[in-house]
Amino acid sequence: MGVYQFGEGVPQDHREAAKWVRMAADQGQAMAQDWLARMYLRGEGVTKDREEAAKWFRKAAEQGFADAQLYLGMMYFIGEGVVHDFVQAHAWFNLAASQGNDKGKENRDDAAKQMTPTQIAKHRN
């Protein structure tokens, strides 16, 4: 996948990279789904599209891919590509944190500070 993305042995071609990453993502490969989501965030080889990025981060996150869980949490935290939702942000950050992701722990705590006591109590149950 990275051959075209980084021009390793071939001319760098982000569109060609996106084509190959998409094929792997479509087959359910979580790392490729995460990578494709990042390409949509940057508009690298594809049209920049925050909603499409969130869709691919969700696919990878639901498979337990911690980096995707972190990014999806950030998207909910700032309301980019998804509806702004501190509870959803907290949930995704918590999943990333449960896998030892330090940024997930830090962001989970930041999201909790934005939540009401009722939201926190409901979320913990």
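Details of the structure are given in the entry above.
Residues numbered from 1 in each chain as written. Predicted model: local features only at pLDDT ≥ 70, side-chain atom pairs only at ≥ 80, totals over all residues. Heavy atoms only, no water.

With respect to the environment of Ala-96
- For Ala-96, the position within the fold is in helix 6 (residues 86-98).
- On the accessibility criterion, Ala-96 (0% relative accessible area) is buried.
- Separated by 32 residues in sequence, Ala-96 and Gly-64 place their C-alpha atoms 8.2 Å apart.
- Contacts of Ala-96, omitting those with residues within four sequence positions, involve Ala-66, Gln-69, Leu-70, Asn-101 and Gly-104. (Helix = DSSP H or I, 4+ residues; strand = E, 2+ residues; numbered from the N terminus. Buried < 20%, exposed > 50% of the residue type's maximum accessible area, 1.4 Å probe, protein only. Contact = heavy atoms within 4.5 Å.)

Observations concerning the pattern of salt bridges
- Within this structure, the stated rule accounts for 12 salt bridges.
- The salt bridge partner of Arg-42 is Glu-44, with a shortest N-O separation of 3.4 Å.
- With a closest N to O distance of 3.5 Å, Arg-108 and Asp-109 form a salt bridge.
- Residue Asp-109 is classed as partly exposed on the basis of its relative accessible area, which comes to 41%.
- Ionic contacts of the salt-bridge type, sharing partners, join the residues Arg-22, Asp-26, Glu-52 and Lys-55 into one network. (Salt bridge = Lys/Arg side-chain N within 4 Å of Asp/Glu carboxyl O.)

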